[in-house]
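Chain and residue survey
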Amino acid sequence: MSGNGDTGTPNTGEQIDAAEREEAKRRLLAQAEAERIPVQETTRAVPDRRWRGES
């Protein structure tokens, strides 16, 4: 009742797919890190006094 090829080990195609997914994940993480904006630059407040009517 184990089925055809159901030995618990992935076949070559599955191994290649898994390796390609891992490589794609590494590339995406490297790209995200390269494009990352430091949190100090994203949380810096800039005063906006236009709404108060000051010139």
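See the structure shown above.
Residues numbered from 1 in each chain as written. Predicted model: local features only at pLDDT ≥ 70, side-chain atom pairs only at ≥ 80, totals over all residues. Heavy atoms only, no water.

Remarks on the overall build of the protein
Within the protein one finds 2 helices and 0 strands. Counting over 55 residues, the protein shows a buried share of 0%. For the protein, the exposed area adds up to about 5600 Å²; of that, 52% sits on carbon and sulfur atoms. (Helix = DSSP H or I, 4+ residues; strand = E, 2+ residues; numbered from the N terminus. Buried < 20%, exposed > 50% of the residue type's maximum accessible area, 1.4 Å probe, protein only. Areas by Shrake-Rupley, 256 points an atom, 1.4 Å probe, with all protein chains shown as cover.)

Description of the pattern of salt bridges
Scanning all chains against the criterion turns up 3 salt bridges. In this structure, Glu22 engages Lys25 in a salt bridge whose closest nitrogen and oxygen atoms are separated by 3.3 Å. Taken together, the positions of Glu22 and Lys25, both in helix α1 (residues 12–35) and 3 residues apart, correspond to about one turn of that helix. The residue Arg26 makes a salt bridge to Glu23 at a minimum N-O spacing of 3.1 Å. Highlighted residues: Arg26 and Glu23, both in helix α1, separated by 3 residues, approximately one helical turn. Overall, Glu23 belongs to the partly exposed group, its relative accessible area being 36%. (Salt bridge = Lys/Arg side-chain N within 4 Å of Asp/Glu carboxyl O.)

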